[in-house]
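# What the coordinates show
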Amino acid sequence: MENKRNSGIDLLKIISMFMIVILHVMLYGLKFSNLNIFSVKGIFTNLIEGICLCAVNIYAVITGYLIIAKTPKINRIISLWIQVVFYLVISCVLILVFDPKCFSKTILIRTFTPVLTSQYWYFTAYFIMFWCIPLYNWIIHHLTMNQFRKIIFTMLFVFCLAGWVESIIWGGQVFGLNGGYSFIWISILYFIGAGIKLYGTKLFLIEKEISPNTILLIGLSCGVLTFISKVIIIKLTTLVFGHKMIENAFYSYLSPTVLIESICLVIYFSNLKFKDNQILIKISCATFGVYLIHLAPFFQNFCWKYLLKYENAPLLIYFSVIFISSIVIYILCTLIEMIRMKIFDKIGINSLIQKITNRLHSNDIMTIK
């Protein structure tokens, strides 16, 4: 199976992480959820959220798309663990220096136990899934396309459709889905990504070739539909019950519109053809660092509050703050992560990780024969 680097996927990783930063700028920095959805600010921020909400799903689908062709290596998860702890330690030191009243022994303990304390929910879910990947790959490679398709459709019905409906009614705790913030959900997305890599659109019973632009249009339209659904639900529930209800029904990782958008964007970008670009690759490799830095406890406690003063700013300034601050945060976090990678390489951290994994016989541990 071909293992050539896919520059389209690299580009999608960058775009998806930028979408995540935008969401967090609006949510944590500007508290946009307090806006009236029928105001100009409310319309555009909720539309942006509807389009960008697929970003986390995209990362899990990409994982399946890439790793189905590989054998996962233990050095990868050790490297990620060290990266997570590194940024949590830096965050802990910064809190101690700049905001000592917020420092506690609990923060220190959580710093060195990121998975047990779920410091970053996605890393916790990925850490659990990582050890299941050899089994997932073995199952996938031993199924025919029809068998695999049946499994995917069953998963989509039980976990996406039924799980999504349950999340609207009861809060998303059924099947351990937790509204999509779980190892189970990203495992389902892993299977979907693997299926896209192996079978393309045929996985979804689409036999005729669809133009890339059509796939992109379908994906973005689903993002817009996510927003439109909120407007319609608010209007209908207000009319029938006298107050709005379940207005965020489609604003969920489990939502069909969010899932379809994720799938369409992965299909579209995975088929983009252009030459490898070293700058693009380096920025793509830094995306996980961007995630860790801008969601570190210090950033949460100290940095977001500086955007809050623009909560009631005029329209033009408000949206300028969203996009300019998102760009600045993304660039700064990327540069910090690139410096970290360079330092780790220079002082031999990566070599040490490789020596440790060699002693663990990673190929034997992570391979099912």
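Residues numbered from 1 in each chain as written. Predicted model: local features only at pLDDT ≥ 70, side-chain atom pairs only at ≥ 80, totals over all residues. Heavy atoms only, no water.

## Here's the deal with the side chain of Thr334
Take Thr334: it is sitting in helix α15 (residues 315-346). Of the residues examined, Thr334 reaches a relative accessible area of 6% and is grouped as buried. (Helix = DSSP H or I, 4+ residues; strand = E, 2+ residues; numbered from the N terminus. Buried < 20%, exposed > 50% of the residue type's maximum accessible area, 1.4 Å probe, protein only.)

## Concerning the pattern of salt bridges
Counted according to the given criterion, the structure contains two salt bridges. A salt bridge links Asp10 to Arg5; the shortest N-O distance between them is 2.7 Å. On the basis of relative accessibility, which here comes to 3%, the residue Asp10 falls in the buried class. In this structure Arg5 comes out as partly exposed when scored by relative accessible area, which is 36%. The salt bridge partner of Glu337 is Arg340, with a shortest N-O separation of 2.8 Å. Residue Glu337 and its partner Arg340 are both found in helix α15; the two are separated by three residues, about one turn of the helix. (Salt bridge = Lys/Arg side-chain N within 4 Å of Asp/Glu carboxyl O.)

## Regarding a nonpolar patch on the surface
On the surface, Ile324, Ile327, Val328, Ile331, Leu332, Leu335 and Ile336 cluster together into a nonpolar patch covering about 610 Å² of accessible area. Its place among the elements puts Val328 in helix α15. A relative accessible area of 41% means that Val328 is categorised as partly exposed. (Patch = residues over 30% accessible without salt bridge, like charges linked within 9 Å, V, L, I, M, F, W, Y side chains within 5 Å. Areas by Shrake-Rupley, 256 points an atom, 1.4 Å probe, with all protein chains shown as cover.)

## Some words on the packing of aromatic side chains
Summed over all chains, the structure comprises 30 aromatic pairs. Here Phe127 and Trp131 contribute two aromatic rings whose centre-to-centre distance is 6.0 Å and whose plane-to-plane angle is 80°, an arrangement assigned as edge-to-face. The class of Trp131 is partly exposed, set by a relative accessible area of 39%. Residues Phe302 and Tyr306 carry aromatic rings whose centres are separated by 5.7 Å and whose planes lie at 70° to one another, so their mutual orientation is edge-to-face. Lying over the aromatic face of Phe38, Lys235 brings its terminal NZ or CZ to 4.7 Å of the ring centre. (Phe/Tyr/Trp six-rings, centres within 6.5 Å; stacked < 30°, edge-to-face > 60°. Lys NZ or Arg CZ within 6 Å of the ring centre and 35° of its normal.)

## Focus on unusual backbone geometry
For Lys31, which is not glycine, the phi torsion reads 50° and is therefore positive. What makes Lys31 partly exposed here is its relative accessible area of 34%. For Asn178, which is not glycine, the phi dihedral falls at a positive 50°. Looking at the secondary structure, you find Asn178 in the loop between α8 (145-170) and α9 (183-199).

## Thoughts on the nonpolar core
Judged by nonpolar contacts, the single largest core of 98 residues is most densely connected at Tyr120, Tyr126, Trp185, Ile192 and Ile196. At eleven residues, the largest contribution of residues to this core is made by helix α1 (residues 7-29). Apart from residues no more than four positions distant in its own chain, Ile196 is found in contact with Val61, Tyr65, Leu203, Phe204, Ile263, Val266 and Ile267. Counting residues in each nonpolar core, the second largest holds five residues, with Cys92, Ile107, Phe298 and Phe302 among its members. (Core = buried A, V, L, I, M, F, W, Y, C linked by side-chain atoms within 4.5 Å. Contact = heavy atoms within 4.5 Å.)

## Let's talk about the environment of Asn271
Along the chain, Asn271 turns up in the loop between α11 (256-270) and α12 (278-285). Residue Asn271 is classed as partly exposed on the basis of its relative accessible area, which comes to 46%. Each C-alpha atom of the pair Asn271 and Leu259 lies 19 Å from the other, and the pair is twelve residues apart in sequence. For Asn271, the side chain forms a polar contact with the main-chain oxygen of Ile267, separated by 2.7 Å. (Polar contact = N/O pair within 3.5 Å; in protein donor to acceptor, adjacent residues only side chain to side chain.)

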